[in-house]
Amino acid sequence: MTSTRGDDGNALDLLIVGAGFAGMYMLFKARELGFRARVIEAGDDVGGTWYWNRYPGARCDIESLEYSYGFDEALQQEWRWSERFAAQPEILAYARHVAARFDLRRDITFGARVTRAWFDDAASTWEVGTDGGQALRARFVVMATGCLSSANLPAIPGIETFGGPRYHTGQWPHEPVDFSGLRVGVIGTGSSAVQSIPVIARQARELTVFQRTATYSVPAHNAPLDPAYEARVKADYAGFRRRNERMPAAFGANLDANDASALEATPAERQRRFDERWRAGGLGFTRAFGDIVLDARANALAAAYVRDKIRALVRDAATAALLSPSQPVACKRLCVDTGYYETFNLPHVRLVDIAATGIEAVTPRGVRAAGREFALDALVFATGFDAMTGTLLRMDIRGRGGLPLAEKWRAGPLNYLGLMVAGFPNLFTITGPGSPSVLTNMIVSIEQHVRWIGACLAWLRAHGRSRIEAREAAERDWVGHVNGVASRTIFPGCNSWYLGANVPGKVRVFMPLLGFPAYADKCAAVAAAGYEGFAVA
Ligand code: NAP
């Protein structure tokens, strides 16, 4: 086993796991503050989610001028996005540009997956091992491992026997995949499926979509980025970023969001607002009124509006009915599409309802579901991720006294501010469970966490301290708070991945926290009070 302790044989100040947007900015911040840091990344390049998710149609649902770093004025001025919503290759190119511009790659080890991180109590350092047998030592570890980075491949009987190629949207090959002339099956109808189905349908001879739960989707109305709008944003980019940081989900300051109640609006006013948001496109649909995710009755009005749209878009009434969801809208992550529902009007596309039966088996020739066998040449699993905790728990992380994280989190993730876990000193999680993360523009959440961690490390150094750990009482209160906030919303009311409900056997706990500004204010107040709720040594 080789041992890397930094160039001079000493432990690193900071070991960062993952070179996506979180890991890249954490490295930049560490360097800026004068800490010796190294990033370990499983992939062969930077980009994280945008490195792995190369499926056809992959695109960001947050507008490009918002889904980008705000930490460097020159960077945000110089980069030109081509479209309102950027596609995966362009976002990956942006990540690569950032890596080159700030010379990040020299402190990143690629092609190495962290498999274990054990805390050495006596030395107050972390020992970290990789799948290649590398061993590193660092005073602090930052898990920049992403919220949606462990693919969920369901354990369907016979899956290994399929005769054709199998793909998971989150582990897409780097070589182009050509579905021309093939009978393709897609399992799943979440965001990845909603984006890929219209694109795959343009190539495939036959497309069969296996749907367990119907999904709500709002049109993207993607278009080339309007240069006049870009110029307006760039004239005061810092101000634009600041306004977005005060939005509930840290995006959409330009949206004309409405805080009024849907229940108090007249039917005509409701129709006008929903029409306006539908025409605008994108996730801002839920901001048509202030109570859509807070009140089940308001939510039902928005849900009925989308179901009307589905009936208008899909010609066959039975297919339209099958595509119409019954759960609250946005309870599962709202999708954003380009021609999703319309794809089911094509003669070579069929929808198979597996709500009652699930997929019964995969066979060498195809898929058995709903009591019959569907012959397929290629199979796409758009079945999502073991979200928020999956990647952390797949590593062997052990804290004080050798306590495994898996044991600590047996009844669900426990932590303080989504940033640190009691019993695991000097270990930070970026956009961890218990923070707003996946309910926000991820890049804004990432930047807020990185700034907080950087300031915390600088504060420890300035105060001659080398160890920080969340207190159990603070952690208990925090988890109670996160659950309390969720219980006042529509979010616990369906089987979403926010609750872990998509992974059989996973503990059902609502993981993200609703409301970015209040959360960011709380983090700032904790720091200003000398890291209240943390034990510092
Ligand atoms: P997902 O939302 O979890 O969707 C997975 C789909 O697979 C669901 O329709 C699910 O059905 C189905 N499924 C799972 N296991 C199954 C099984 N055993 N049998 C049959 N069907 C099964 O995953 P995703 O689409 O990859 O999206 C995950 C998240 O990534 C999104 O919510 C979003 O936050 C993010 N994302 C963002 C973008 C973007 O910005 N544009 C794009 C893609 C993804 P059930 O609903 O019944 O569980």
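The rules behind the values
- For every chain, the first residue of its written sequence is number 1, and the numbers climb from 1 along that sequence.
- Per-residue local features are limited, in this predicted model, to residues with pLDDT of at least 70; the limit for side-chain atom pairs, both in listing and counting, is 80 or more; totals at the level of whole chains, interfaces and linings are taken over all residues.
- Here the side-chain values reflect all heavy atoms present in the structure, with hydrogen atoms and water set aside.
- Two strands pair if DSSP finds at least two bridges between them.
- Under the DSSP-based scheme used, a helix requires at least four consecutive residues in state H or I and a strand at least two consecutive residues in state E, with every element numbered from the N terminus.
- Axis definition: a line fitted to C-alpha atoms, limited for helices to the stretch in contact. Angles are taken between N-to-C directions and run from 0 to 180 degrees.
- In this text, near means that some heavy atom of the residue lies within 4 Å of the molecule or strand in question.
- Residues adjacent in sequence count toward polar contacts only when both atoms are side-chain atoms; beyond that, a polar contact is any pair of N or O atoms within 3.5 Å, and within protein one must be able to donate a hydrogen and the other to accept it.
- Here the Shrake-Rupley method, with its probe set to 1.4 Å, supplies the accessible areas, and only the displayed protein chains count as covering residues.
- Amino acid classes used here: Ala, Val, Leu, Ile, Met, Phe, Trp, Tyr, Cys and Pro are nonpolar; Asp, Glu, Lys and Arg are charged; the rest, including Gly, are polar.
- Counting rule for disulfides: a pair of cysteine sulfur atoms within 2.5 Å.
- Whether a residue is buried, partly exposed or exposed follows from its accessible area with a 1.4 Å probe, protein chains only, as a fraction of its type maximum: under 20%, in between, or over 50%, in that order.
- Confidence of the predictor at the level of single residues is captured by pLDDT, which takes values from 0 to 100.
- Any two residues having at least one pair of non-hydrogen atoms within 4.5 Å are treated as being in contact.
- Whether two aromatic rings pair depends on their centres lying within 6.5 Å, for rings of Phe, Tyr and Trp, where Trp uses its six-membered ring; planes under 30 degrees apart make the pair stacked, over 60 edge-to-face, and the rest tilted.
- Throughout, the term roughly parallel applies to angles under 35 degrees, roughly antiparallel to angles over 145, roughly perpendicular to angles from 65 to 115, and oblique to all others.

Caption draft 1: Molecular detail of the sheet that holds strand β15 (residues 366–369). Ordered by their spatial adjacency, three strands build an open sheet running β14-β15-β16, and the pairing between neighbours is antiparallel. Strand pairing shows two members of the sheet lacking a second neighbour, β14 (359–362) and β16 (372–375), which therefore form its edges. Across the sheet, the mean angle from the axis of one strand to that of its neighbour is 25°, orientation sign disregarded. Taken together, the four bridges between β15 and β16 define a ladder with antiparallel strand orientation. Looking across to β16, one finds that A369 is bridged to R372.

Caption draft 2: Molecular detail of unusual backbone geometry. The phi dihedral of L417 is positive, around 65°, even though this residue is not glycine. Within the secondary structure layout, L417 lies in the loop between α13 (405–408) and β19 (427–429).

Caption draft 3: The arrangement of the site of the ligand in detail. In the vicinity of the ligand lie 23 residues, with R59, T189, S192, T213 and K332 positioned nearest. T189 is positioned such that a nitrogen or oxygen atom in its backbone is 2.8 Å from an oxygen atom of the ligand. Contacts to the ligand include W497, whose side-chain N or O atom sits 2.9 Å from an oxygen atom. Compared with its free state, where it exposes 900 Å², the ligand has 88% of that area covered by protein. A total of three residues in the shell around the ligand trace back to one element, the largest contributor, which is helix α5 (residues 191–203). Each residue belonging to the shell around the ligand can be placed in one class, and the counts come to nine nonpolar, nine polar and five charged.

Caption draft 4: View of the sheet that holds strand β9 (residues 183–187). Pairing is parallel in the open sheet, where five strands are placed in the order β8-β17-β9-β10-β13. The sheet is open, and its two borders are formed by β8 (166–168) and β13 (349–353), each paired with just one other strand. On average, each strand axis in the sheet is tilted by 20° relative to the strand beside it, whichever way the strands run. When strand β10 (residues 206–211) meets β13, the two strands line up parallel, connected through five bridges. Residue V209 lies in a different strand from β13, and its bridge partner there is L351.

Caption draft 5: Seen up close, the state of the cysteines. Under the definition given, this model contains one disulfide. There is a disulfide in this structure between C331 and C494, and the S-S distance comes to 2.2 Å. Taking the sign of the torsion about the S-S bond as the criterion, the disulfide between C331 and C494, at about -105°, is left-handed. A residue pair is termed long-range when its members are at least 10 positions apart, and C331 in the loop between α10 (317–323) and β12 (335–337) and C494 in the loop between α15 (472–487) and α16 (516–528) qualify at 163 residues. When its relative accessible area of 0% is taken as the criterion, C331 is described as buried. There is no disulfide at C60, and the cysteine sulfur nearest it, in C335, is 13 Å away.

Caption draft 6: Local environment of the confidence of the model for the protein. Per-residue confidence for the protein gives a mean pLDDT of 96; residues scoring 70 or more make up 98%. Here residues 1–8 is modelled with pLDDT under 50, and outside its nearest four sequence neighbours on either side it reaches 20 contacts, counting other chains as well.

Caption draft 7: Representation of the packing of aromatic side chains in the model. Counted under the stated rule, the structure contains 42 aromatic pairs. On the basis of an interplanar angle of 40° and a centroid distance of 5.6 Å, the ring pair of F491 and F510 is categorised as tilted. Within this pair, whereas F491 is found in the loop between α15 and α16, its partner F510 is found in the loop between α15 and α16, the two being separated by 19 residues in sequence. An identical accessibility class is assigned to F491 and F510; each is buried.

Caption draft 8: Broad picture of the packing of helix α14 (residues 442–462) against α16. Two elements in contact, α14 and α16, have axes whose closest approach is 11 Å; the angle formed by their N-to-C orientations is 5°. Classed by the angle they form, the pair α14 and α16 counts as roughly parallel. Residue-level inspection shows V444, S445, Q448, H449 and W452 of α14 in contact with α16, the latter providing F516, Y519, A520, C523, V526 and A527.

Caption draft 9: View of the side chain of S68. Mapped onto the elements of the fold, S68 is located in the loop between α2 (49–52) and α3 (73–78). Polar side-chain contacts of S68 include one of 3.5 Å to the backbone oxygen of L65. Once residues lying within four places of it in the same chain are set aside, the contact partners of S68 are W81, Y94, Y237, R241 and I443.

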